[in-house]
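# Coordinates in review
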Amino acid sequence: ICRKGENMRKNDLVQFTQVVKEDIADRYRHDESDGVVGGFRSLTWEEREVWTTKHNEAVRAGHTTWYDSAGEGKLAPMTESVSFPLNGVFIVLKARTTAYRGYGKTKGLTSIACPSTGRVGFVKRHLLELVGEQ
């Protein structure tokens, strides 16, 4: 029995709605079993430090510049893209949350974990529906 995503709670089991599955199958002409839905995760301070170190080494070696097209210094990314299987079942880590994407705040998110791949990330809450409680 599927219920709307509005009633989600921590540790509930969720899946992507049928509308999302049909949209991805139509738009990208994917077989549903191969389809993925994009989400994102926040990078840790340590991951950002590693990026900065590698960037500084590349600048010193002459492989890249320290500035972007506007002459501003390049900043380490705040988030990373994560893909979740279209037909997967996920565990809700936080039902209602916001997160910084880039340098702006994104609302209406749910934090989920994929048991089959081990990926954790944020997706829009309205893309999910409840399939069971854990």
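The coordinates are above.
Residues numbered from 1 in each chain as written. Predicted model: local features only at pLDDT ≥ 70, side-chain atom pairs only at ≥ 80, totals over all residues. Heavy atoms only, no water.

### Topic: the overall build of the protein chain
Here is the rule: Here a helix means four or more residues in a row that DSSP labels H or I, a strand means two or more in a row labelled E, and each is numbered from the N terminus. Here the term buried applies to any residue with accessible area under 20% of the maximum for its type, exposed to any over 50%, and partly exposed to those in between, with areas from a 1.4 Å probe on protein chains only. Note on contacts: a residue pair qualifies if any of its non-hydrogen atoms lie within 4.5 Å across the two residues. We get accessible surface area from the Shrake-Rupley algorithm with a probe of 1.4 Å; when it comes to residues, only the shown protein chains can shield them.
A count of helices and strands for the protein chain gives two helices and eight strands. Reading the helices (α) and strands (β) of the protein chain from amino to carboxyl end gives β-β-α-β-α-β-β-β-β-β. Looking at the 134 residues of the protein chain, the share that counts as buried comes to 33%. A separation of at least 24 residues holds for 65% of the contacts in the protein chain among residues at least 6 apart in sequence. Total accessible area on the protein chain is roughly 8700 Å²; 51% of this is exposed by carbon and sulfur atoms.

### Here we look at the pairing of strand S5 (residues 90-101)
To keep it simple, the criterion reads: In this scheme, strands are said to pair when DSSP sees at least two bridges between them.
Bridge analysis of strand S2 (residues 12-16) against S5 gives two bridges, and the strand direction is antiparallel. Looking at the pairing, Val14 lines up with Phe90 of S5.

### Overview of the nonpolar core
Definition in use: Here the nonpolar core consists of buried residues drawn from Ala, Val, Leu, Ile, Met, Phe, Trp, Tyr and Cys, with membership extended through side-chain atoms lying within 4.5 Å.
Membership of the largest hydrophobic core comes to 18 residues, with the highest contact counts inside it found for Val14, Phe16 and Phe84. The leading source of residues in this core is S5, at three residues. Here Phe84 is in contact with Phe16, Gly35, Val36, Val37, Gly39, Phe90, Ile112, Cys114, Arg119, Val120, Gly121 and Val123, once residues within four sequence places are set aside.

### Considerations on the side chain of Thr97
With respect to the helices and strands, the residue Thr97 is situated in strand S5. Contacts of Thr97, omitting those with residues within four sequence positions, involve Lys107, Gly108, Leu109, Thr110, Ser111, Phe122 and Arg125.

### Focus: unusual backbone geometry
Even without a glycine there, the phi angle at Asn11 is positive, about 75°. Tracing the backbone shows Asn11 in the loop between strand S1 (3-4) and S2. Residue classification places Asn11 among the partly exposed positions, given a relative accessible area of 36%.

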